[in-house]
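Examining the three-dimensional arrangement
The chain contents come next:
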Amino acid sequence: MESLLSSSSCATLFKPKLISPIAPKFNPKSFNFKSKYPLTNQPAAIFAPLKVANSPAETTVSDKAVPPQMKAWAYDDYGDVSVLRFDGSVAVPDIKEDQVLVKVSAAALNPVDFKRRFGKFKATDSPLPTVPGYDVAGTVVKVGSQVNSLKEGDEVYGDVNEKALEGPKQYGSLAEYVAVEEKLLALKPKILDFAQAAALPLAIETANEGLGLDPLAKNVFGASRVAATSSTGKLELLKSLGADLAIDYTKENFEDLPEKFDVVYDAVGQCDKAVKAVKEGGSVVVLTGAVTPPGFRFVVTSDGSALTKLNPFLESGKVKPVIDPKGPFPFSQVAEAFSYLETGRATGKVVVYPIP
């Protein structure tokens, strides 16, 4: 099988371009957050009214001390990076029966994070205010009564939102604690630190479920030849990650190459070009932008079992996370991390570490 990865620099499958609780009877549309909790230099504890109070019978937890409040980044309105604010007194989320509470050590940003903040899928988003963040790595500190395989003290990683665009959690991973369903998490590979583990979940699950990209394409799925596109300065990175053919999109158009591919993976919204590079009967997997037949839209479903399956390849070093050299960004610079990601120039995952 031959495959082509179409992106400005995404032979690395961990490149960002690859592509909840509310109190009963609470009506966010009728509640004026800005007037009740104006932005000041002092933390505004606006999340306490949104906290769900689970009954003691719903969860089984230990007596390990977990503070009632936590530090987090949040936004009250959709918009650019200026809507982000630090809040030092956000209510720690309660866990449901099938969830664990994770003490977050590291988180990572993805394009879906800023697209969500811009309100690109507000119709299916959870209510504002929002603590953003999909990727997480940390330690389990509480477990729900229906949790079977995880226990307190386990070091885990995962994508906290089962569906990226459908009801993502109101409380995400850019906080000290996050409540996550057990099925979305996997034990962290011992060979990886928290920052490296946080760089993986959404990207590696997208690659695994959507295609089996290089280096997954070769090491996991056995693809015979992998091509990828990037700018001139990132060609060597593509080769180091296992690309057989590194295409400089500033000098040649991949759709005009005589060689065609069984699968083309479009991570940047160029489906009209991608369909010209696929063999007859082949597939074009589209993460973003307009879809041109025979291309089809793909949105990943978070699945901890997929991470567990891939852990041996991570432990062996056959598959490695790539963290952008400008990072990790400290927790105090989440806004700067978002701004950098939105330039489109990151080479690898934009990671926030340590938290806090």
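Shown above is the structure to which this text applies.
Figured I'd write up the structure that's included with this text. Small disclaimer: the values here were computed from a predicted structure and weren't measured. (Residues numbered from 1 in each chain as written. Predicted model: local features only at pLDDT ≥ 70, side-chain atom pairs only at ≥ 80, totals over all residues. Heavy atoms only, no water.)

**Considering the packing of helix α4 (residues 201–210) against helix α8 (residues 304–315)**
Note the threshold: Axis definition: a line fitted to C-alpha atoms, over the contacting stretch in the case of helices. Angles run 0 to 180 degrees between N-to-C directions. Helix numbers and strand numbers start at the N terminus; a helix is a DSSP run of H or I with at least 4 residues, a strand a run of E with at least 2. Each angle is binned into one of four classes, with values under 35 degrees roughly parallel, values over 145 roughly antiparallel, values of 65 to 115 roughly perpendicular, and all other values oblique. Should any heavy atoms of two residues lie within 4.5 Å, those residues are counted as being in contact. Asp, Glu, Lys and Arg are counted as charged, while Ala, Val, Leu, Ile, Met, Phe, Trp, Tyr, Cys and Pro are counted as nonpolar; the rest, among them Gly, fall into the polar class.
Where α4 meets α8, the axes come as close as 11 Å, and the angle between the chain directions of the two elements is 95 degrees. Classified by the angle their axes make, α4 and α8 are roughly perpendicular. Residues P201, I204, E205 and N208 of α4 pack against A306, L307, K309, L310 and L314 of α8. Here the residues of the contact of α4 with α8 are counted per class, giving 6 nonpolar, 1 polar and 2 charged.

**Topic: the nonpolar core**
Operational definition: Working definition of a nonpolar core: buried Ala, Val, Leu, Ile, Met, Phe, Trp, Tyr and Cys residues. They are joined through side-chain atoms within 4.5 Å. Using a 1.4 Å probe on the protein chains alone, a residue whose accessible area is under 20% of its type maximum counts as buried, one over 50% counts as exposed, and one in between counts as partly exposed.
The biggest cluster of nonpolar side chains holds 34 residues, and the ones touching the most others in it are V100, L185 and V350. At the level of elements, β5 (99–109), β6 (135–144), β8 (177–181), α9 (334–341) and β15 (350–352) are the ones that each hand at least two residues to this core. Here the element with the most residues in this core is α9; it accounts for 6 residues. With near-sequence residues (within four places) excluded, V100 lies in contact with I95, V140, K142, V143, V147, L150, V178, A179, V180 and L185.

**Here's the deal with the packing of aromatic side chains**
Condition: Aromatic rings from Phe, Tyr and Trp, taking only the six-membered ring of Trp, are treated as a pair when their centres fall within 6.5 Å; an angle between ring planes under 30 degrees marks them as stacked, one over 60 as edge-to-face, and anything in between as tilted. Working rule: Lys NZ or Arg CZ, within 6 Å of ring centre, within 35 degrees of ring normal, means a charge sits over the ring.
Per the counting criterion, the structure on display carries 5 aromatic pairs. For the pair F114 and F118, a centre-to-centre distance of 6.5 Å together with 85 degrees between the ring planes defines the contact as edge-to-face. The class for F114 is buried, based on a relative accessible area of 16%. On the basis of relative accessible area, F118 is assigned to the partly exposed category, the value being 37%. Linked through ring pairs, W73, F86 and F331 together constitute an aromatic cluster. For the cation-ring pair, R117 lies above F118, with the distance from its terminal atom to the ring centre recorded as 4.9 Å. Its guanidinium or amino end placed over the ring of F194, K188 lies 5.1 Å from that ring's centre, counting from NZ or CZ.

**Comments concerning the environment of D98**
Structurally, D98 can be placed in the loop between β4 (85–91) and β5. Distance in space between the C-alpha atoms of D98 and G144 is 5.5 Å, their sequence separation being 46 residues. If sequence neighbours within four positions are ignored, D98 has contacts with Q146, V147, V180, E181 and E182.

**Remarks on the side chain of T130**
Its place among the elements puts T130 in the loop between α2 (111–117) and β6. Overall, T130 belongs to the buried group, its relative accessible area being 0%. What T130 contacts, discounting residues up to four positions off in sequence, is W73, A74, Y75, R116 and Q170.

**Topic: the pairing of β5**
Quick reminder of the rule: DSSP-based pairing: two strands are paired if at least 2 bridges between them are found.
The buried fraction of β5 is high, at 10 of 11 residues. With 8 bridges connecting them, β5 and β6 associate as antiparallel partners. Its bridge partner being in β6, A106 is matched across the sheet by A137. Sheet analysis places β5 next to β15, joined by 3 bridges and oriented antiparallel. Note on β15: the bridge partner recorded for A108 is V351.

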